[in-house]
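Here is how the chains run, residue by residue.
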Amino acid sequence: MYSCPNCNEETFSILDKFKSYSFKPAKCVKCGELASSKGCNSALPVFVGMFGVPVVLFVAHILKSWASIILALIVIVLASCISFHREPMAKVNIEKAKNQYWLAFYILLIILVWLMYDGFLR
Ligand SMILES: [Zn+2]
């Protein structure tokens, strides 16, 4: 069980934590406050994306093998599971979460538009 950031009671199951994110938080059964796993707020996925993926692709290219990519995927999954289990549940600010999701949406939209101009429309 994981403890609530508002009342410090252990009220969230691993399933609650897994299903919750800042836009769709879990509700504490003791105090009724909202909480979520931080998940994508962690710096790890960003770090892995910016540095890990190019390095892994480069190594795979040099070795001419998929083994390094598979190994990297296993490490990423394990690291995600460990950080998921270790990080505490976080208090949820719905307004802030909404803004974050809109920002992510716009960034994805810009990337999509860029890909379409660069790849499909030429
Ligand atoms: Zn609580």
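Residues numbered from 1 in each chain as written. Predicted model: local features only at pLDDT ≥ 70, side-chain atom pairs only at ≥ 80, totals over all residues.

1. Quick notes on the overall build of the chain
Which entries qualify depends on this criterion: Secondary structure follows DSSP: runs of H or I at least 4 residues long count as helices, runs of E at least 2 residues long count as strands, and numbering of each begins at the N terminus. Think of it as a crowd count around each C-beta: if 20 or more other C-beta atoms lie within 10 Å the residue is buried, if 12 or fewer it is exposed, and in between it is partly exposed, with C-beta placed from the backbone throughout. The contact criterion used here is simple: two residues whose C-beta atoms, placed from the backbone, lie within 7 Å are in contact.
Each helix and strand counted, the chain has 4 helices and 5 strands in total. When the helices and strands of the chain are listed from N to C terminus, the series reads β-β-α-β-β-α-α-β-α. When each of the 122 residues of the chain is scored for burial, the buried share is 13%. Taking as baseline every contact in the chain between residues at least 6 positions apart, the subset at least 24 positions apart corresponds to 50%.

2. Brief notes about unusual backbone geometry
Its identity is not glycine, yet Asn8 carries a phi of approximately 65°, on the positive side. Considering the arrangement of structural elements, one finds Asn8 in the loop between strand 1 (2-3) and strand 2 (10-12). Taking the C-beta count within 10 Å as the criterion, Asn8 has 10 such neighbours and is therefore assigned exposed. Unlike most non-glycine residues, Lys64 shows phi in positive territory, near 50°. Mapped onto the elements of the fold, Lys64 is located in the loop between helix 2 (44-63) and helix 3 (67-86).

3. Here's the deal with the confidence of the model for the chain
Segments scoring low in pLDDT should not have their predicted coordinates read at a detailed level. The following threshold applies: Confidence of the predictor in every single residue is expressed as pLDDT, which spans 0 to 100.
Here the chain shows a mean pLDDT of 82. Residues at 70 or above account for 90%. Across the chain, element-level confidence peaks in strand 2 with a mean pLDDT of 93 and bottoms out in helix 2 with 77.

4. Section: the nonpolar core
Selection criterion: Note on terminology: a nonpolar core is a set of buried residues of type Ala, Val, Leu, Ile, Met, Phe, Trp, Tyr or Cys, with members joined through C-beta atoms within 7 Å.
Within the largest apolar cluster, 8 residues are counted, these being Cys4, Phe12, Ala26, Cys28, Leu34, Ala35, Met89 and Val92. For Cys28, the contacting residues outside a window of four places in its chain are Cys4, Asn6, Cys7, Thr11, Glu33 and Ala35.

5. Some remarks on the sheet that holds strand 4 (residues 34-36)
For clarity, the threshold we go by: Strands pair, by our definition, only if DSSP identifies at least two bridges between them.
Judged by pairing direction, the sheet is antiparallel, and its 3 strands sit side by side in the order 3-4-5 without closing on themselves. Strand pairing shows two members of the sheet lacking a second neighbour, strand 3 (26-27) and strand 5 (90-91), which therefore form its edges. Here strand 3 pairs with strand 4 via 2 bridges, running antiparallel. When the sheet's bridge partners are listed, Lys27 is paired in strand 4 with Leu34.

6. Regarding the environment of Val92
Secondary-structure assignment places Val92 in the loop between strand 5 and helix 4 (94-120). Separated by 44 residues in the primary sequence, Val92 and Val48 place their C-alpha atoms 25 Å from one another. Setting aside its immediate chain neighbours within four residues, Val92 contacts Ser22, Pro25, Leu34, Ala35, Ser36 and Ala97.

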